[in-house]
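The residues making up each chain are set out below.
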Amino acid sequence: MKKSKEYSVRQAMQKKFAEEIHVADMVEVMEFYPDDMTADVKPLVMAVREERFMSRPPILKVPVAMLGSKDFFIRPWYKAGDVGLIVYLDYDSDNVFVSGGEAEPLTMGCHTGKDGIFIGGVMCGCRLAEGMPDETIAIGSGENYLAVGKEGIVIHGKMELNGGLKVNGKAVLLAE
């Protein structure tokens, strides 16, 4: 009987420890701050507290991930209601965000709710992009999109060009 009680206590402790580790969360944008590339987000998966499901508190000023390299970037622009992920980093990474290089952590926390980065662009609720050519990588908004695939590049919708345009090959101009 003693082993069974010890086992149950150990299992309860392991479960409690596991609940304290944050890895990732599905979240909804509440507010986006483009000036410092942060967002306030609300976790979408409810927590269990005292045998009831309860909404979790918002997470404020989470750094927003931008894709790219030193010479190329894709800057996202989010609005309230957009869905994404927060990936919780192993250690406090504030110094890395500031310097862009290797840095010591400010705190010794591990996988805490404070040490995450927002990665957006998760399409939920069956909101599928329609009308895009098959086998393409596309970016767009509503009826306007740019799709890159094996057959070439498709631009659909209104386009504004500021600057010059150089065309090699045959060009066909269509009048409106």
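Please read these numbers as outputs of a predicted model, since none were measured by experiment.

Before going further, it helps to spend a moment on unusual backbone geometry. Despite not being glycine, Glu50 has its phi angle at roughly 50 degrees, a positive value. Considering the arrangement of structural elements, one finds Glu50 in the loop between strand 3 (47-49) and strand 4 (52-54). The class for Glu50 is exposed, based on a relative accessible area of 79%. A positive phi angle, close to 65 degrees, is found at Glu51, a residue other than glycine. In this fold, Glu51 is placed in the loop between strand 3 and strand 4. Looking at Glu51, the relative accessible area reads 80%, which means it is exposed.

We now examine the confidence of the model for the protein. When pLDDT is averaged across the protein, the result is 82; 88% of the residues are at 70 or more. Within the protein, strand 2 (residues 38-43) carries the highest mean pLDDT (95), whereas helix 2 (residues 94-99) carries the lowest (75).

Turning our eyes to something else, we now look at the nonpolar core. In this structure, Val41, Val64, Ile86 and Phe118 are the most contacted members of the largest nonpolar core, which totals 13 residues. Mapped by element, the contributors of at least two residues to this core are strand 1 (24-33), strand 2, strand 5 (59-63) and strand 8 (83-88). No other element matches the three residues that strand 1 contributes to this core. Residues in contact with Ile86, not counting those within four places in the same chain, are Val23, Ala24, Asp25, Val27, Val41, Ile59, Val62, Gly116, Ile117 and Phe118.

Once that is clear, we can look at the side chain of Asp25. In this fold, Asp25 is placed in strand 1. Judged by relative accessible area, which is 10%, Asp25 ranks as buried. Discounting chain neighbours no more than four positions away, the residues touching Asp25 are Arg56, Gly84, Leu85, Ile86 and Tyr88.

Reading the values: rules and limits
- Residues numbered from 1 in each chain as written.
- Predicted model: local features only at pLDDT ≥ 70, side-chain atom pairs only at ≥ 80, totals over all residues.
- Heavy atoms only, no water.
- Helix = DSSP H or I, 4+ residues; strand = E, 2+ residues; numbered from the N terminus.
- Buried < 20%, exposed > 50% of the residue type's maximum accessible area, 1.4 Å probe, protein only.
- pLDDT = per-residue confidence, 0-100.
- Core = buried A, V, L, I, M, F, W, Y, C linked by side-chain atoms within 4.5 Å.
- Contact = heavy atoms within 4.5 Å.

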